[in-house]
Amino acid sequence: MKDLRKLVSTILEEEFTSHTFEPLIGDMVANDNPKCKHRGSVGEVISVQPLPDEQGKTATYRCTNSGDNWDEGDVLTKTLDQLVP
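Residues numbered from 1 in each chain as written. Predicted model: local features only at pLDDT ≥ 70, side-chain atom pairs only at ≥ 80, totals over all residues. Heavy atoms only, no water.

Student: Can you lay out the overall build of the chain for me, pointing to particular residues and giving the numbers?
Tutor: Helices and strands together make up the secondary structure of the chain, namely one helix and five strands. Reading the secondary structure of the chain in the N-to-C direction produces α-β-β-β-β-β. The long-range share in the chain, meaning contacts at least 24 apart out of those at least 6 apart in sequence, stands at 33%. As displayed, the chain has an accessible area near 6,200 Å², and 51% of this comes from carbon and sulfur atoms. (Helix = DSSP H or I, 4+ residues; strand = E, 2+ residues; numbered from the N terminus. Contact = heavy atoms within 4.5 Å. Areas by Shrake-Rupley, 256 points an atom, 1.4 Å probe, with all protein chains shown as cover.)

Pasting the structure below:
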């Protein structure tokens, strides 16, 4: 019975994770959030920070491109669910 509970718990954790990509410093990321004014920004991750109360993480990246609401070299911080590799 314990093994079954552990298996179900593991499956549920994987199923309900809001993101599976966790970047490392030096990785390139892009903002893919359609509701964000920085969508389309691309950059190199310079830090990854935990949010309070285990609510997830954020990544800070230096932009390598420009858009209507950001310039190359700007530093942006986003939750990981907004970012793709």
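There is more to say after this.
Student: Hey, could you go over the nonpolar core for me, with residue numbers and the actual values?
Tutor: Most often, soluble globular proteins keep nonpolar side chains buried together rather than apart. Among the nonpolar cores identified, the biggest contains nine residues, and these are Val29, Val45, Ala59, Tyr61, Cys63, Trp70, Leu76, Leu80 and Leu83. Sequence-distant contacts of alanine 59, defined by excluding residues within four places in its chain, comprise Pro23, Ser47, Val48, Gln49, Leu76, Thr77, Lys78, Leu80 and Leu83. (Core = buried A, V, L, I, M, F, W, Y, C linked by side-chain atoms within 4.5 Å. Buried < 20%, exposed > 50% of the residue type's maximum accessible area, 1.4 Å probe, protein only.)

Student: Account for the pairing of strand β4 (residues 75–79), naming residues and giving values.
Tutor: Only one face of β4 is covered, namely the one carrying Leu76 and Lys78; the face carrying Val75, Thr77 and Thr79 has none of its residues buried. Direction of pairing for strand β3 (residues 57–63) relative to β4: antiparallel, over a ladder of five bridges. Each residue of the ladder has a partner; that of alanine 59, found in β4, is lysine 78. (Pairing = 2+ DSSP bridges.)

Any link to function would need more than the numbers given here.
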